[in-house]
Amino acid sequence: MKPILMLPLAALAGAAIANPLPPDLPTPRAGLWEMQTKMVDMGGMSMNMETCMDGSIEDMMRHPEAEKAECTDMKIDYSGNRLRASATCTIEGSKAEIVSDFTGNFETAYRGEISSTFTPPLHGMKQSTAQVESRWVAPQCHPGQRPGDTRMKGGVNIPGMGNIDLDSMMKNIPGMNR
């Protein structure tokens, strides 16, 4: 489930790393960041994650899933407290037009929306919209967590089904060390 939900976000972030970022884009604080991602087109399904960051913009935008996407036509504009980015990516054979609009101080918090259109549809989706809110929560990451490490916080919230705690589920599967 995570790759389908996160591919547009990861593709846009990966493309941003490969392109020059605006020099006046603030540097995020190092430490523990909390991110909530809500998939508007999937009934409001949401995920909460905690990421350990080293304080670099590249770290903020790093997503391993981005390696699955090839992006071109990347445009990034930062002015005041607004960051707008767009890209055309190929994700699993589908052309994705991705547009994002974020606001915040980017040192301690940001929020925004990522809209994607897929041709042909990606896993049956013609479009997706993700609302993202991220904030710095502590100067220290969790014990054992290193910069770049991300973990689910509290599972996935699926409207009508409630919260599914994937970490607890994984602990109950023999051989899974989580």
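For clarity, every value in this text was computed on a predicted model and none was experimentally measured.

Student: Outline the environment of M39, supporting the account with residue identities and numerical values.
Tutor: Within the fold, M39 resides in strand β1 (residues 31-39). Between the alpha carbons of M39 and S128 there is a distance of 7.3 Å; along the sequence they are 89 residues apart.

Student: So what's going on with the state of the cysteines? Which residues, and what values?
Tutor: Counted under the stated rule, the structure contains two disulfides. Paired by a disulfide, C71 and C89 hold their sulfur atoms 2.1 Å apart. Taking the sign of the S-S torsion, about 105° here, the bridge from C71 to C89 comes out right-handed. Of the two residues, C71 sits in strand β3 (residues 69-79) while C89 sits in strand β4 (residues 82-91), which places them 18 residues apart along the sequence.

Student: Report on the nonpolar core, specifying residues and quantitative values.
Tutor: Grouped together as the largest cluster of nonpolar side chains are 24 residues, with contacts concentrated most on I91, F102, F106 and Y110. Elements with a contribution of two residues or more to this core: β1, β2 (45-53), β3, β4, β5 (94-104), β6 (109-122) and β7 (125-138). If you tally residues by element for this core, the top one is β4, at five residues.

Student: Could you give an account of the confidence of the model for the protein chain, naming the residues involved and the relevant values?
Tutor: When pLDDT is averaged along the protein chain, the result is 76; 67% of the residues meet or exceed 70. In the predicted structure, residues 1-7 sits below a pLDDT of 50 and forms 16 contacts with residues beyond four places in sequence or in another chain.

Student: Please provide a residue-by-residue account of the packing of aromatic side chains, values included.
Tutor: Evaluated as defined, the whole model comprises four aromatic pairs. An angle of 35° between the planes, with centres 6.1 Å apart, marks the rings of W33 and Y110 as tilted. A residue pair is termed long-range when its members are at least 10 positions apart, and W33 in strand β1 and Y110 in strand β6 qualify at 77 residues. Residue class for W33 comes out buried when judged on its relative accessible area of 2%.

Student: Mind laying out the pairing of β5, listing which residues take part and the relevant values?
Tutor: Side-chain positions along a regular strand alternate between the two faces of the sheet. Across the two faces of β5 the burial differs, with S94, A96, I98, S100, F102 and G104 buried and K95, E97, V99, D101 and T103 not buried at all. With 10 bridges joining them, β4 and β5 adopt antiparallel strand pairing. Residue pairing for β5: S86 is matched across the bridge by V99. Taking the residues between adjacent antiparallel strands as the criterion, β4 and β5 are bridged by two residues, where E92 takes a positive phi near 50°. With 10 bridges connecting them, β5 and β6 associate as antiparallel partners. Bridging across to β6, D101 finds its partner in E113. The hairpin turn running from β5 into β6, its antiparallel successor, is four residues long, and F106 in that turn takes a positive phi close to 65°.

Student: Let's hear about the pattern of salt bridges: which residues, and what values?
Tutor: Summed over the entire model, instances satisfying the criterion amount to six salt bridges. Across the pair E50 and R151 runs a salt bridge whose closest N-O atoms are separated by 3.0 Å. A residue pair is termed long-range when its members are at least 10 positions apart, and E50 in strand β2 and R151 in strand β8 (residues 150-158) qualify at 101 residues. With a relative accessible area of 7%, E50 lands in the buried category.

Student: Hey, could you go over the pairing of β2 for me, with residue numbers and the actual values?
Tutor: Most of β2 sits inside the fold, with eight of its nine residues counted as buried. Across nine bridges, β1 lies against β2 in antiparallel orientation. From the neighbouring strand, Q36 faces β2, where its bridge partner is N48. Between β1 and β2, which pair antiparallel one after the other, the connecting turn spans five residues, and G43 there sits at a positive phi close to 70°.

Basis of the calculations
- Residues numbered from 1 in each chain as written.
- Predicted model: local features only at pLDDT ≥ 70, side-chain atom pairs only at ≥ 80, totals over all residues.
- Heavy atoms only, no water.
- Helix = DSSP H or I, 4+ residues; strand = E, 2+ residues; numbered from the N terminus.
- Disulfide = S-S within 2.5 Å.
- Core = buried A, V, L, I, M, F, W, Y, C linked by side-chain atoms within 4.5 Å.
- Buried < 20%, exposed > 50% of the residue type's maximum accessible area, 1.4 Å probe, protein only.
- pLDDT = per-residue confidence, 0-100.
- Contact = heavy atoms within 4.5 Å.
- Phe/Tyr/Trp six-rings, centres within 6.5 Å; stacked < 30°, edge-to-face > 60°.
- Pairing = 2+ DSSP bridges.
- Salt bridge = Lys/Arg side-chain N within 4 Å of Asp/Glu carboxyl O.

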